[in-house]
Amino acid sequence: MYDVAIIGSGIIGAALFRHLARFKLRTVLIERENDVALGATRANSAIVHAGYDPPNGSLMAKYNVEGNRMFDGLCQELSIPFRRNGSLVVALTQEESKGLESLLENGQRNGVPGLELWTQEHVAAMEPNLAPCRQALYAPTGGIVGVYELATALAENGLVNGGNVLLESEVIGIEKISGQPDYFNIKLCNGRVIASRFLVNAAGTWADKIHALIAPPNYKIHPNKGEYFLFDHSEGTRVSHTIFRVPSPLGKGVLVTPTVHGNLLVGPNSNSTDDPDDTATSDSGLNTVKVSALQTVPQLNFRKNIRNFAGVRARSDRQDFIVEEVADVPGMIDLAGIKSPGLSASPAIAIAATELLERAGLELTEKPTFISRREQIYFMSLSPQEKQKLIQENAAYGRIICRCESITEGEVLDSIRRPLGASTVDGVKRRCRPGSGRCQGGFCLPKVMTILARERGVPVEEIQQDRSGSWIVCPTNRKAQEETGGRCDV
Ligand SMILES: Cc1cc2nc3c(=O)[nH]c(=O)nc-3n(C[C@H](O)[C@H](O)[C@H](O)COP(=O)(O)OP(=O)(O)OC[C@H]3O[C@@H](n4cnc5c(N)ncnc54)[C@H](O)[C@@H]3O)c2cc1C
């Protein structure tokens, strides 16, 4: 019997899983996909928001500002790239200038430190590639982070500290069993039943459906899609801050931002969708993003676009994060409706959820053996002397696998061999970035596949790109034939 079962391994489930690992508890993280962080957590703007825009008094405001403060320590402990590059909300019109003043006031009430209004001249001096604007709100605590690296590291650290992670384990049923103590039986798609005293629903855009497995939900998730352009490194210095438009009731609007890996990211738009997993991009959606981005950064070179993607927001009809014990289901906690700024708020939500569990009866005894640090080598960030030493110790760090991003074989092997290691090509990419550069895997894909096959001891035909069923090579084994009907375009 587990003490706590968490459904969903996005940034919210993973942050809680890792936080609970500080205590003497039996904890399990249950995920339907073949890897962690494949929901909204893998497709978002990766901004650690300062917290000036969520309405004062909301949970979004509280956890955003608290969570933001925790990022330096957290990312340092887990070896995750994070930079406080600061954000700028630019007002292009007089109307928008008024919006800036209310944002400043709201931000100050939310407790965001260091907010300043910059004049047109100061903005032009600091960000020469912006369109002339009337004014901008500067937030020095805004930052950028490696988001799926962080979620994966949180889950890995929870695992290293004694938790359990179940992948390819979709939850299809939940039952509350009376006993001494009461517990939940959680039914998985593979026939397994997991027993746990406490249950946390962190299922993102599916949270209302998970809630409905045990009680009628008192909220509904309305999935909302945002599309993006990712640009090559050559556009990566077009701006140095994260550039926002003045937010509207639809959201924060289209932003232009450097990424922690030296690219430029532009997006998202905002479109309702019925499908909680709808991550298709569209011409019209991307065009809306392009038009808006060019209004703030007119010289953006869209020919340097190397990838497009979309993520789905878990907007609920409550307009705020839902962080509460489920009414009439003692011991079950909902972490639902976690739209933006959910990433920024995630460390604070993990603490709040732990407090809710404690109030519901979970005993928390600190574990003196908790290992907070996690090391990861980023070869290109080492000094020449460090690189040389590392290659002498392990020749795999002397072989480049991804030419665009200069990723070594040593890093690829580490991403596969470490706890909760990658089992797919995109799993390797999310952990150490081969295939993230200009050629998008054109050169390194066969090498990564070969290494994965060798490490896992399987034929290369069995290596998948991403989710279950995404074979790259025409399937030759019978199981694959059966599952795909012999098609090789899956
Ligand atoms: C376009 C966009 C831009 C955003 N930009 C930002 C930003 O810049 N900064 C910021 O702070 N926030 C941002 N956000 C919000 C942030 O991405 C989310 O708040 C956060 O990723 C939500 O994490 P989660 O763990 O709740 O959900 P998810 O990451 O979606 O994870 C839920 C998990 O539950 C799993 N699951 C679902 N059903 C089941 C089941 N039945 N059984 C087992 N597992 C199941 C899913 O597979 C998934 O892995 C953005 C969101 C979007 C969509």
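Reference entry: report on the structure contained in this document. Note that residues are indexed from 1 along each chain, following the sequence as it is written. It should be noted that, the model being predicted, local features are given only for residues of pLDDT at least 70 and side-chain atom pairs only at 80 or more, the latter also being counted only at that level, while totals for whole chains, interfaces and linings use all residues. Neither water nor hydrogens contribute to the side-chain values; these are computed over all heavy atoms in the structure.

### Quick notes on helix 7 (residues 283-296)
Next, step 1: Taking 1.5 Å per residue as the helical rise, helix 7 with its 14 residues ought to reach 20 Å, and the 21 Å between its terminal C-alpha atoms agrees with that figure.
Next, step 2: All of the buried residues along helix 7 are Gly-285, Leu-286, Val-289, Ser-292, Ala-293 and Thr-296. End-on, the buried residues of helix 7 take up no more than an arc of 130 degrees, which puts them together on one face. Along helix 7, the residues that are exposed and aim more than 90 degrees away from the buried face are Asp-283 and Ser-284.
Next, step 3: Buried positions along helix 7 lie against strand 5 (87-91), strand 13 (221-231), strand 14 (242-245), strand 15 (255-258), strand 16 (264-267) and strand 18 (305-316). To qualify as a helix, a DSSP run of H or I must reach at least 4 residues; to qualify as a strand, a run of E must reach at least 2; elements of each kind are numbered from the N terminus. The span expected for a helix works out to 1.5 Å for each residue beyond the first. Between buried and exposed lies partly exposed: a residue is buried under 20% and exposed over 50% of the maximum accessible area for its type, with that area taken using a 1.4 Å probe on protein chains only. The arc under discussion is defined with respect to the helix axis, by the directions toward the C-beta atoms. Here, two residues are considered to be in contact whenever any of their heavy atoms come within 4.5 Å of each other.

### Structural notes on unusual backbone geometry
Next, step 1: Residues Gly-267 and Pro-268 are joined by a peptide bond in cis, for which omega reads -5 degrees.
Next, step 2: For Pro-268, the location among the structural elements is in the loop between strand 16 and strand 17 (271-272).
Next, step 3: Going from Ser-340 to Pro-341, the amide bond is cis rather than trans, its omega being 10 degrees.
Next, step 4: For Pro-341, the position within the fold is in the loop between strand 20 (332-336) and helix 8 (342-359).
Next, step 5: At Ala-37, a position not held by glycine, the phi torsion is positive, near 60 degrees.
Next, step 6: Turning to its location among the elements, Ala-37 is positioned in the loop between strand 2 (27-30) and strand 3 (47-48).

### A word on the environment of Asn-129
Next, step 1: Here Asn-129 lies in the loop between helix 4 (120-126) and strand 7 (135-139).
Next, step 2: The sequence separation of Asn-129 and Ser-240 amounts to 111 residues, and the corresponding C-alpha distance is 9.9 Å.
Next, step 3: The residues touching Asn-129, leaving out its near neighbours within four places in the chain, are Arg-238, Thr-296, Val-297, Pro-298 and Gln-299.

### Remarks on the site of the ligand
Next, step 1: Near the ligand lie 38 residues; those nearest to it are Glu-31, Thr-41, Ile-47, Ile-338 and Ser-344.
Next, step 2: In this structure, Thr-41 approaches the ligand through a side-chain N or O atom, which is 2.5 Å from an oxygen atom.
Next, step 3: Here an oxygen atom of the ligand and a backbone polar atom of Lys-339 are 3.2 Å apart.
Next, step 4: Listed by contribution, the elements that provide at least two residues to the shell around the ligand are helix 1 (11-20), strand 18 and helix 8.
Next, step 5: Taken together, the residues of the shell around the ligand break down into 18 nonpolar, 14 polar and six charged. Distances are taken per atom, and a residue is near a molecule or strand as soon as one of its heavy atoms is within 4 Å of it. Pairs of N or O atoms are called polar contacts if they sit within 3.5 Å, as long as, within protein, a hydrogen donor faces a hydrogen acceptor (for residues adjacent in sequence, only side-chain-to-side-chain pairs). Ten residue types, Ala, Val, Leu, Ile, Met, Phe, Trp, Tyr, Cys and Pro, are classed as nonpolar, four, Asp, Glu, Lys and Arg, as charged, and the remainder, Gly among them, as polar.

### Comments concerning the pattern of salt bridges
Next, step 1: By salt bridge we mean one thing: a side-chain nitrogen of Lys or Arg within 4 Å of a carboxyl oxygen of Asp or Glu. For the structure on display, the rule yields 29 salt bridges.
Next, step 2: One salt bridge in this structure joins Arg-32 and Glu-33, with 3.7 Å as the shortest N-O distance.
Next, step 3: A relative accessible area of 12% places Glu-33 in the buried class.
Next, step 4: Notably, a salt bridge pairs Asp-466 with Arg-42, separated by 2.9 Å at the nearest N-O pair. Separated by 424 residues along the polypeptide, Asp-466 in the loop between helix 12 (445-456) and helix 13 (478-484) and Arg-42 in the loop between strand 2 and strand 3 bring together distant segments of the chain.
Next, step 5: The class of Asp-466 is buried, set by a relative accessible area of 11%.

### A short note on the packing of helix 10 (residues 409-417) against helix 11 (residues 425-432)
Next, step 1: The N-to-C vectors of helix 10 and helix 11 enclose an angle of 110 degrees; their axes lie 9 Å apart at closest approach. Taken together, helix 10 and helix 11 sit at an angle that is classed as roughly perpendicular. Like other packed secondary-structure pairs, helix 10 and helix 11 cross with a definite hand, here right-handed. Touching Glu-411, Val-412, Ser-415 and Ile-416 of helix 10 are Val-428, Arg-431 and Cys-432, all from helix 11.
Next, step 2: A breakdown of the residues in the contact of helix 10 with helix 11 according to their chemical character gives four nonpolar, one polar and two charged. Axes here refer to lines fitted to C-alpha atoms; in helices the fit is confined to the stretch in contact. Angles between the N-to-C directions go from 0 to 180 degrees. Small angles under 35 degrees read as roughly parallel and large ones over 145 as roughly antiparallel, with 65 to 115 read as roughly perpendicular and the rest as oblique. Crossings are sorted by hand: turned counterclockwise from the far helix by less than a right angle, the near helix makes the crossing left-handed, and turned clockwise it makes it right-handed.

### What to know about the pairing of strand 7
Next, step 1: Burial analysis of strand 7 places five of its five residues in the buried class, the great majority of the element.
Next, step 2: Neither face of strand 7 is open: one carries Gln-135, Leu-137 and Ala-139, the other Ala-136 and Tyr-138, and all of them are buried.
Next, step 3: Note: strand 5 against strand 7, five bridges, orientation antiparallel. Bridge assignment links Ala-91 to a residue of strand 7, and that residue is Gln-135.
Next, step 4: In this sheet, strand 7 lies alongside strand 6 (residues 116-119) in antiparallel orientation, the contact comprising four bridges. Pairing of Trp-118 across the sheet is with Ala-136, part of strand 7. By this definition, two strands are paired if DSSP reports at least two bridges between them.

No statement about biological role is implied by the geometric values presented.
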